[in-house]
Structures are given as C-alpha cells and as structure tokens.
Amino acid sequence: MWCRRLACLLSVPCQHTRRHLLSCGRRTFTAAVARWHHTAPESLSCAWQLHGDHLELRYANTLMRFDFVWLRDHCRSASCYNAKTNQRSLDTASVDLSIKPKAVRVDETTLFLTWPDGHVTRYGLQWLVKNSYEGQKQQVMHPRILWNAEIYRQAQVPSVDCRSFLETDEGLKEFLQNFLLYGIAFVENVTPTKEDTQILAERISLIRETIYGRMWYFTSDFSRGDTAYTKLALDRHTDTTYFQEPCGIQVFHCLKHEGTGGRTLLVDGFYAAEQVLRQAPDQFELLSKVPLKHEYIENVGDCHNHMIGVGPVLNVYPWNNELYLIRYNNYDRAVINTVPYDVVNRWYTAHRTLTTELRRPENELWVKLKPGKALFIDNWRVLHGREAFTGYRQLCGCYLTRDDVLNTARLLGLQA
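Residues numbered from 1 in each chain as written. Predicted model: local features only at pLDDT ≥ 70, side-chain atom pairs only at ≥ 80, totals over all residues. Heavy atoms only, no water.

## Considering the overall build of the chain
Convention followed: Secondary structure elements are taken from DSSP: a helix is a run of H or I of four residues or more, a strand is a run of E of two residues or more, and numbering for both begins at the N terminus. Relative accessibility under 20% of the residue-type maximum defines a buried residue, over 50% an exposed one, and the middle range a partly exposed one, all with a 1.4 Å probe and only protein chains included. Between two residues, a contact is recorded if the distance between any of their heavy atoms is within 4.5 Å. For the accessible areas, the method is Shrake-Rupley and the probe is 1.4 Å, while residue cover comes only from the protein chains on display.
Scanning the chain for helices and strands turns up 12 helices and 25 strands. Considering the chain as a whole, with its 416 residues, one finds that 51% of them fall into the buried category. Across the chain, the fraction of contacts at a sequence separation of at least 24, relative to all contacts at a separation of at least 6, is 70%. With an accessible surface of roughly 20500 Å², the chain has 51% of that area assigned to carbon and sulfur atoms.

Below, the structure written as structure tokens:
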C-alpha cells in the first residue's frame, strides 16, 4: 500500500548515500535513488518521494505529482505572495525552469521545501490536495441538481418573495442557491414595470448591455430581425449563441398578456447531455470537440448587426469533463464549414441524439409567466422556448453578467 513503508529501494545506494538518506529526517535531492518516505516511521498518513523533475506525494487517498517549477511558482511566503491582495508577487519568468529543491521535509500537516538559494516554501498538505491536478479531477466546480419536469416538480423549489430578495441576505441567498442548483429561479410579487424589474436584476449583478440594449421590452411587433419578436412558437434554445461568450443569465418578466397561449418552455440542457453521455459517450465527446459557427444577421430599421460566435455545442472543463456551457440554437446555427467531411455525418448523428433528449416530453417544464413573477434563467445551462400565442403580450428583461452573479453567490458563502 502507498501509506506503508516500502521494503526495498528501486536500486541499492552506496554507503555514503545511505548516510545522506538517514540524516536529520530530511531528503536531499543529490541522493542517487528515489525512495518513498513518510512523515514519521509509524505514520501511515503520507508517503512521498523525489524524482528527477517532480515530487510525488500520496496523501488523503490521492496520488499527486508536482513539478518543481510549479512548487516554486506557487510559494505563499511573504516575499512571493501578497496575502492582503491575494496576488502573486513572485516573477514567474525569473524561476529557473530546471530548478530542484535542495532539501524536502514533510511533517503531519506540512510540506517544506528548501531551494538552492536558501528560500523555504511551505505548503499545507490539505492545500496541496485541493489545488493539485489530481485533486481537481475529483472535485465538481459547480454543484448542481439535474432535472426533468417531474424531478423539478417533486423538489417543490420555492419562489422567493420580492421584498425578501431585495432587503435580506437570507432571501437573496435562498434565491441564489436555487438558481445555482437548478439553473432557474423565480421571484414573486414584483411590481410589473421595467423599472422595478431592473432594480431586481441589479440586486445580484451588473446588467450586460448588448445589441438589444440594457433593459428591453419584448413584443410581437417585428421590431427586431428575430423570430422571438413574433407570435410564433419558439423551439427550445439558448440565447446569444452568436456571441463569442454567450450571455450568462437571462431575466424575463411578463408585464401584460391579453390573449391565449404563450407558455414558457424550460429544459435542463445538462440533464439531456448527461443522458447522451451515458448512452453514447463517443457522441458526447464529439459534441464537445467540434467547433461550430452561430450567426446573427440583422437589417431592420436602424438595427444593423452581423454577429458570429464559435464554439462546440457542449463545453466541458478538460480536467474533470464537467459540463459548464451548452450552445444550442438551431435558428442561429450558421453553415457548418468547420467540420471535416468525414466527421459531418457522425456530428449530425450526435446532434440528433442530443436533440431527441432535449425534446422528450418528460423533460419539458411548462410555466405560465404572469405579471409579478420574474424568472431568472442560466442561459449556459437551461434552454427556453414558448408556445404560440394570441393577443397582446409584453415582456421585459435583460441579460446579466455571469461573473457578477457568481461573485454575489460566493460572497454569501455559496459554492459557485
């Protein structure tokens, strides 16, 4: 086992090297062989050994490998890191790329490295686990609850009252926790005006100004070159796929509807993608690797725009394969000319598999928006659409900067 003293060395050292290995409980880099060491002879909590260019460490059931340059670069001593600003002071470009520690010591909680110039770096073992590549592979950046319509209904996720949302940290935290877990959240009893909706949005974020302005009214007046400005049904999609960075959060508030229909459709794109990953992992991988163009061309009145965004349908963190963004909009997908001919058919097959999951009736959550009920949507995760409607229907809304929403959540103690 990793945490037991190994009985033999990889090779037999000379007598002089043996004396070096045993002196003062320290390990000098000049030793001729790599050997597993422990924090104390009787300890089973940690084992470590030096290699030519890295330190190998086993702690908390995690095997970690640290390049020596990485260990020097991330030093948290006062001369290398400003604890007040949480910024690096060390000039990374000044670190010798072939640097090796002169001595290494590990006690029950801390790794100590002495560098050739005498500088000492200290790392808590727990900090190393948290920040190592191997540790990150086992962690989730954004905890979530994936849902279909039945799962969401059974969860009985409460809406948050507008006054609690605006005036208390508890109400705001409850709202953000719901939003982070499910990708959607509602605020009730909002005064049905654009001005009050703006106050609501600015409670958690800066408003992201786009080609649609800051706060917008949304009616079927054909005022913009987009299908959304009609009375037609809209299939499930994410917004602004034609931006290099799609908008992170969307706010909808129905101010008035004198007619029928117009229900809002919500689908958890990550839930659908998870089904693809389980059924056809090769197709999931293809959707996460092939870049596509999405395009928005508008020439209506004074609005003249030509936007192009490039990226795969599924975007994942490379170290743990965690999905963080879905870019899905069949209306705005441009000509597919970024895919080799021998991949095209496989891509269409994978896209069809995902579309089938997104269109399963059991995955569709239908919500009737009404004056006073504001909806926040994670546009990187949850697809939205609507059924056709009659009569006059007016919505207002905006896009929010994702970084600011997550910042607000972290300041309230949430993992985001």
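Next comes the rest of the write-up.
## Looking at empty space enclosed by the protein
What counts here: Residues are said to line a cavity or pocket when one of their atoms sits within 4 Å of a point; the points come from a 1 Å grid over protein atoms alone, cavities being sets where a 1.4 Å probe fits but cannot get out and pockets being open sets with protein on both sides within 12 Å along at least five of seven lines. Grid points are joined across faces, edges and corners, and a volume is the space filled by probe spheres set on the points. Only Asp, Glu, Lys and Arg are considered charged in this grouping, and only Ala, Val, Leu, Ile, Met, Phe, Trp, Tyr, Cys and Pro are considered nonpolar; every other residue, Gly among them, is considered polar.
In total, this model carries 1 cavity of 30 Å³ or more according to the counting rule given. Lining the largest cavity are 13 residues, and of these Arg-144, Leu-180, Asp-378, Arg-402 and Leu-406 lie nearest its centre. Going through the elements one at a time, helix H7 (169-182) and helix H12 (402-411) are the ones with two or more residues in the lining of the largest cavity. At 3 residues, the largest contribution of residues to the lining of the largest cavity is made by H12. Partitioning the lining of the largest cavity into residue classes produces 6 nonpolar, 3 polar and 4 charged.

## Considerations on the side chain of Ser-205
To keep it simple, the criterion reads: Polar contacts, as counted here, are pairs of nitrogen or oxygen atoms within 3.5 Å of one another; within protein the pair requires one atom able to donate a hydrogen and one able to accept it, and residues that are adjacent in sequence qualify only if both atoms are side-chain atoms.
The topology assignment puts Ser-205 in the loop between helix H8 (194-202) and strand S13 (207-208). Residue classification places Ser-205 among the buried positions, given a relative accessible area of 7%. Side chain to side chain, Ser-205 and Thr-401 meet in a polar contact 3.1 Å long. Dropping the residues within four chain positions of it, Ser-205 is found in contact with Leu-400, Thr-401, Asp-404 and Val-405.

## Side note on the sheet that holds strand S15 (residues 234-237)
Hydrogen bonds along the backbone pair up the strands of a sheet, which may run parallel or antiparallel. Spelled out, the test is: Paired strands, in this sense, are two strands between which DSSP finds at least two bridges. Lines fitted to C-alpha atoms define the axes, with helix axes restricted to the stretch in contact, and inter-axis angles between N-to-C directions lie between 0 and 180 degrees.
The sheet built from 4 strands is open, its strands ordered S15-S24-S17-S22 with antiparallel pairing. Of all the strands in the sheet, just S15 and strand S22 (365-367) have a single pairing partner and so form its edges. Direction aside, the axes of adjacent strands within the sheet are offset by 20° on average. As paired elements, strand S17 (residues 264-268) and strand S24 (residues 382-386) share 5 bridges and run antiparallel to each other. Looking at the pairing, Leu-266 lines up with His-384 of S24. The strands touched by helix H9 (residues 269-279) within the sheet are S17 and S24, with S17 carrying the most contacts at an inclination of about 40°.

## Comments concerning helix H11 (residues 341-358)
The cut-off we apply is this: Each helix should span, by expectation, one fewer than its residue count multiplied by 1.5 Å.
Across its 18 residues, H11 extends 26 Å between first and last C-alpha, which sits within 8% of the 26 Å expected from 1.5 Å per residue. Of the positions making up H11, those classed as buried are Val-343, Trp-347, Ala-350, His-351, Thr-353, Leu-354, Thr-355, Glu-357 and Leu-358.

## Some words on the packing of aromatic side chains
As a reminder of what qualifies: Working definition: rings of Phe, Tyr and Trp (its six-membered ring) pair if their centres are within 6.5 Å, and the pair is stacked with planes under 30 degrees apart, edge-to-face with planes over 60 apart, and tilted otherwise. Should the NZ of a Lys or the CZ of an Arg lie within 6 Å of a ring centre and within 35 degrees of the ring normal, that charge is described as sitting over the ring.
Overall, the coordinates contain 19 aromatic pairs when judged by the stated rule. Measuring from ring centre to ring centre gives 6.1 Å for Trp-216 and Phe-252, while their planes differ by 70°; the resulting arrangement is edge-to-face. Remark: Phe-252 occurs in strand S16 (residues 249-258) and Trp-216 occurs in strand S14 (residues 216-218); sequence separation between them is 36 residues. There is no split in this pair, since Trp-216 and Phe-252 are both buried. Here a set of aromatic residues connected by ring pairs shows up, and it is made of Phe-66, Trp-70, Tyr-123 and Trp-127. Its guanidinium or amino end placed over the ring of Tyr-81, Arg-76 lies 4.0 Å from that ring's centre, counting from NZ or CZ. Here Arg-105 stacks its cationic end above the ring of Phe-112, 4.1 Å away from the centre of that ring.

## Re the pairing of S24
Of all 5 residues in S24, 5 are buried; the element is thus mostly enclosed. Burial along S24 is two-sided: the face carrying Val-382, His-384 and Arg-386 and the face carrying Leu-383 and Gly-385 are both buried. Relative to S24, S15 runs antiparallel, the two sharing 2 bridges. Opposite Leu-234, over in S24, you have Arg-386 as the bridge partner.

## Considering the side chain of Thr-197
Counting through the fold element by element, Thr-197 comes out in helix H8. By relative accessible area, which is 0% here, Thr-197 ends up buried. Within the structure, Thr-197 has its side chain in polar contact with the backbone oxygen of Thr-193 (distance 2.8 Å). Discounting residues that sit within four places of it in the chain, Thr-197 has contacts with Met-215, Val-251, His-253 and Cys-396.

## What to know about helix H10 (residues 281-289)
Looking at H10, one finds that the buried residues are Gln-283, Phe-284, Leu-286, Leu-287 and Ser-288. Along its buried surface, H10 packs onto H9, strand S20 (314-316) and H11.

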